[in-house]
Each structure stands twice: as structure tokens, then as C-alpha cells.
Amino acid sequence: MRNVTVKTGEGKFGQSIHVGPHELRGDELPEVGGDDRGPDPFELVLAGLGTCTSMTIKVYADRKGWPLSSVEVEVSGEKRDGSFLAKRSIRLSGDLTEEQRARLLDIANKCPVHKMLTGKIEIETALVA
């Protein structure tokens, strides 16, 4: 897995995010003082969950030779009484049986990011010179 490097960017909350050769932006919404130049940190996590879910479903269906033509994953989130609720909706396109659709839903819950977010997470932090 490649390292992610985040540096302060433009504006009050703007961030420049680098992953290998890719550059992304992070920010906050205007209602909390940001410039909306990119997703907020929670939206970036939700994007990771949606991306991983779609990839996992597609790879599984391809391996099985199932007629899945596309996957669309919509993820939203909300803070609730000291916790966070992620809501994920999945649209599967293709001539799938009900059994195949049920299995792909099960597979969605096995995507690596889903497992990471619902499992034990440890964060080690160090200041460097």
C-alpha cells in the first residue's frame, strides 16, 4: 500500500493530498468556514468505502462469470450521539438472478474497507523532525 501524504493547502481548511502520482484536494463546506475545494475528511472515508465496495462486487461477479454490467454505490454518513452511521445503497445492473444479487450483497459486506471500518483500528502517531 502506498503512503498518503497530506499538506496544508489554500484557504482555512484546504489540504493537498498525494497518493503515489495522484493529487487530490480536501476541504470543508462553506457553512463551517471552508471553500469547498474538495471533499471533507468524512466524505473521503465514505468515498473509500464506496470505491472498495464497487470494486469488490465487480471482481467477484467477473470471476464467477455473472452478467453484472455495472455497480453504483452511494454512501452517506451522519454523526449520531458520539458515533458515526454510514449508509450504503448499491445498484446492480445486469441480468442477475435473485440468488446472485443476494450473494453480491453479502460480498459487499466483505470488502476490505468495510472490514477495516467495522474491525479494530489502531493508530500510531509520531512527530518527526
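The paragraphs below set out a description of the structure included in this document. Starting afresh in each chain, residues are numbered from 1 along the sequence in its written order. In keeping with the predicted nature of the model, local features appear solely for residues at pLDDT of at least 70, side-chain atom pairs appear and are counted solely at 80 or more, and the whole-chain, interface and lining totals rest on all residues. Side-chain descriptors were evaluated using all non-hydrogen atoms of the structure, hydrogens and water having been removed beforehand.

**Things to note about helix α2 (residues 98-108)**
Q100, L104, I107 and A108 are the residues of α2 that are buried. One side of α2 carries all its buried residues, which in axial view fall inside an arc of 100°. Turned more than 90 degrees away from the buried face of α2, the exposed residues are E98 and E99. Relative accessible area decides the class of each residue, using a 1.4 Å probe on protein chains only: under 20% of the type maximum gives buried, over 50% gives exposed, and in between gives partly exposed. Numbering goes from the N terminus for both helices and strands, where a helix is a DSSP run of H or I of at least four residues and a strand is a run of E of at least two. Think of it as the arc spanned by the lines of direction from the helix axis to the C-beta atoms.

**Thoughts on a nonpolar patch on the surface**
Residues enter patches when they are more than 30% accessible in relative terms and free of salt bridges; like-charged ones are connected within 9 Å and nonpolar ones (Val, Leu, Ile, Met, Phe, Trp, Tyr) within 5 Å. Computed by Shrake-Rupley with a 1.4 Å probe, the accessible areas treat only the displayed protein chains as cover when residues are assessed. Salt bridges are defined as contacts in which a side-chain nitrogen from Lys or Arg sits within 4 Å of a carboxyl oxygen from Asp or Glu. A cluster of nonpolar side chains, contributed by V45, M116, L117, I121 and I123, occupies part of the molecular surface with about 480 Å² of accessible area. Summarising the element assignment, I123 is placed in the segment after α3 (112-118).

**Side note on the pairing of strand β4 (residues 68-80)**
In terms of strand pairing, β4 meets strand β5 (residues 83-94) through twelve bridges, oriented antiparallel. Bridged to E78 within β5 is L85. Taken together, β4 and the strand that follows it, β5, pair antiparallel across an intervening segment of two residues, in which D81 is found at a positive phi of about 40°. When DSSP finds at least two bridges between two strands, those strands are taken to pair.

**Side note on the pattern of salt bridges**
Inspection of every chain in the model, using the stated rule, returns nine salt bridges. A salt bridge links R80 to E78, with the shortest nitrogen-to-oxygen separation between them at 2.9 Å. On the accessibility criterion, R80 (39% relative accessible area) is partly exposed. Overall, the relative accessible area of 31% leaves E78 in the partly exposed class. With a closest N to O distance of 3.5 Å, E78 and K87 form a salt bridge.

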